[in-house]
Amino acid sequence: MAGTPENVAKLATDTQALDLGGIALLGTMIQPDGPKALLRTASGDVRKVAPGDRIGLAQVQAIGAGVVQISGFGGQQVLTMPQG
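Residues numbered from 1 in each chain as written. Predicted model: local features only at pLDDT ≥ 70, side-chain atom pairs only at ≥ 80, totals over all residues. Heavy atoms only, no water.

Caption draft 1: Broad picture of the overall build of the protein chain. When helices and strands are counted, the protein chain shows one helix and seven strands. In the protein chain, buried positions account for 25% of the 84 residues. Excluding contacts between residues fewer than 6 apart, the proportion of contacts in the protein chain whose partners are at least 24 apart in sequence is 22%. For the protein chain, the exposed area adds up to about 5,700 Å²; of that, 55% sits on carbon and sulfur atoms. (Helix = DSSP H or I, 4+ residues; strand = E, 2+ residues; numbered from the N terminus. Buried < 20%, exposed > 50% of the residue type's maximum accessible area, 1.4 Å probe, protein only. Contact = heavy atoms within 4.5 Å. Areas by Shrake-Rupley, 256 points an atom, 1.4 Å probe, with all protein chains shown as cover.)

Caption draft 2: Layout of the sheet that holds strand β2 (residues 34-40). Across the sheet, three strands lie side by side as β1-β2-β3; this open sheet has antiparallel pairing. The open sheet terminates on both sides in strands that have one partner only, identified here as β1 (24-31) and β3 (46-49). Adjacent strand axes in the sheet meet at a mean angle of 20 degrees, parallel and antiparallel pairs treated alike. Both β1 and β2 contribute to a ladder of seven bridges, which runs antiparallel. Looking at the pairing, alanine 24 lines up with arginine 40 of β2. (Pairing = 2+ DSSP bridges. Axes fitted to C-alpha atoms, helices over the stretch in contact; angles between N-to-C directions.)

Caption draft 3: Region of interest: the sheet that holds strand β6 (residues 67-72). The four strands lie next to each other as β4-β5-β6-β7, forming an open sheet whose pairing is antiparallel. If you trace the sheet from one side to the other, it starts and ends with β4 (54-55) and β7 (75-80), each paired once. Where β4 meets strand β5 (residues 58-64), two bridges bridge the pair, whose relative direction is antiparallel. For isoleucine 55, the partnering residue across the bridge sits in β5 and is alanine 58.

Caption draft 4: Main features of the pattern of salt bridges. Tallied over the entire structure, the rule returns one salt bridge. Between aspartate 33 and lysine 36 there is a salt bridge; the shortest N-O distance is 3.1 Å. (Salt bridge = Lys/Arg side-chain N within 4 Å of Asp/Glu carboxyl O.)

Caption draft 5: Focus on the environment of isoleucine 70. Position of isoleucine 70 relative to the elements: it lies in strand β6. Along the backbone, isoleucine 70 and leucine 57 are 13 residues apart, and their C-alpha atoms lie at a distance of 10.0 Å. Residues in contact with isoleucine 70, not counting those within four places in the same chain, are Ile23, Ala58, Gln59, Val60, Gln61, Gly75, Gln76, Gln77 and Leu79.

Caption draft 6: Fine view of the nonpolar core. Of all hydrophobic cores here, the largest spans 12 residues; its members are Ile23, Leu25, Ala37, Leu39, Val49, Ile55, Ala58, Val60, Ile63, Val68, Ile70 and Leu79. Of all the secondary-structure elements, those providing two or more residues to this core are β2, β5 and β6. The contact partners of valine 68, leaving out residues within four places of it in the chain, are Leu25, Thr28, Ala37, Leu39, Val60, Ala62, Ile63, Gln77, Val78 and Leu79. (Core = buried A, V, L, I, M, F, W, Y, C linked by side-chain atoms within 4.5 Å.)

Printed below as a string of structure tokens:
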């Protein structure tokens with residue numbers, strides 16, 4: 001059985017890859033009932049959300065390939081996948 005490729009191991013242990021103080025995008029997917037996203041909250045919870053769902057004080061406005069738009073008291077924010 002092969003081990004974890006070096007580049008994957010490096011990305012998986014990168015302490016700067018996610019904003020741990022806010023909402024971070026982990027992934028997006030298209031399902032039969034529409035687009036969904038996996039978001040990580042500042043508390044470490046992972047939630048599967050759809051457009052219109054609330055996560056904390058923010059509301060999910062739109063989900064695209066590797067991108068989620070949310071809005072809240074701070075205005076609009078676009079979450080993107082960590083680059084690596």
